[in-house]
Amino acid sequence: AKPVEESGLYLSDGITVNQGPNYALAKRMQHWRAVLARDAGHVVSSNVAPSTSTASVTSNTLFAMAYRGFKLFSALEVMRPETSSSGMLALLINDLRNPESASNPKNKLDNPMQLFAANAFHGGTFRTQYKVGTIGVTCVLYAYLAAYWPVAAGVTG
């Protein structure tokens, strides 16, 4: 495997502090296991999913408001659950049926992390210049101002 400097790969830090340490560790363990399984000769499907407005995520008010504020960052898109599920299913089928897929251990990867980048349905997080964890406060403030500024202006004006 080539080091990152020579492989042309870029780092995308998609973990936010708000997700908590258990989520971050679970994701890293999932990736480590996928890399080991592929290295052992198994076809592995472990694709990156986009930010998705599922009930479990949007039940957290801060996450729901942050998703509303994503529109400030044109590269980012929050997917509806149906869109995300359909896209991820298509990638799974591709990984299992396409002999040219990065999931196939017969195909050489310059770096094991290419397994996750090859078919990433990232919703823009790989294209933006900002880390997801750094834009949350801005997105939440924008969403609250957009939602409540007319009310506040009407009361004070």
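As shown above, the structure is provided for reference.
I will try to describe carefully the structure that is included in this document. (Residues numbered from 1 in each chain as written. Predicted model: local features only at pLDDT ≥ 70, side-chain atom pairs only at ≥ 80, totals over all residues. Heavy atoms only, no water.)

## Brief notes about the overall build of the chain
Of the regular secondary structure elements, the chain holds seven helices and zero strands. For the chain, the N- to C-terminal ordering of α and β elements is α-α-α-α-α-α-α. Overall, the C-alpha framework of the chain stretches about 70 × 35 × 30 Å when taken along its three principal axes. Partitioning the intrachain contacts of the chain with sequence separation of at least 6 by distance along the chain shows that 78% fall at a separation of at least 24. (Helix = DSSP H or I, 4+ residues; strand = E, 2+ residues; numbered from the N terminus. Contact = heavy atoms within 4.5 Å.)

## Regarding the pattern of salt bridges
Taken as a whole and assessed by the stated rule, the structure comprises two salt bridges. Of the charged contacts in the structure, one is a salt bridge between Glu82 and Arg80, with a shortest N-O distance of 3.6 Å. Overall, the relative accessible area of 47% leaves Glu82 in the partly exposed class. A relative accessible area of 53% means that Arg80 is categorised as exposed. (Salt bridge = Lys/Arg side-chain N within 4 Å of Asp/Glu carboxyl O. Buried < 20%, exposed > 50% of the residue type's maximum accessible area, 1.4 Å probe, protein only.)

## Notes on the side chain of His31
By the element assignment, His31 lies in helix H2 (residues 21-39). His31 sits in the buried class, given a relative accessible area of 17%. His31 has contacts with Ser46 and Phe116, leaving out every residue within four places of it along the chain.

## Quick notes on the environment of Gly8
With respect to the secondary-structure elements, Gly8 resides in the loop between helix H1 (4-7) and H2. A sequence separation of 103 residues divides Gly8 from Asn111, and the C-alpha atoms of the two residues are 9.7 Å apart.

## Points about the nonpolar core
In terms of nonpolar packing, the biggest core is built from 10 residues, these being Met65, Ala66, Tyr67, Phe70, Phe73, Leu76, Ile135, Cys139, Val140 and Ala143. Elements supplying a minimum of two residues to this core: helix H4 (61-69) and helix H7 (132-156). Among the elements that take part in this core, H7 stands out by supplying four residues, more than any other. Residue contacts for Phe70: discarding those within four places in its chain leaves Ser51, Leu76, Val78, Ile135 and Cys139. Ala34, Ala102, Leu115 and Phe116 belong to the second largest nonpolar core, which has nine residues in total. (Core = buried A, V, L, I, M, F, W, Y, C linked by side-chain atoms within 4.5 Å.)

Function cannot be read off these values alone, since they describe shape.
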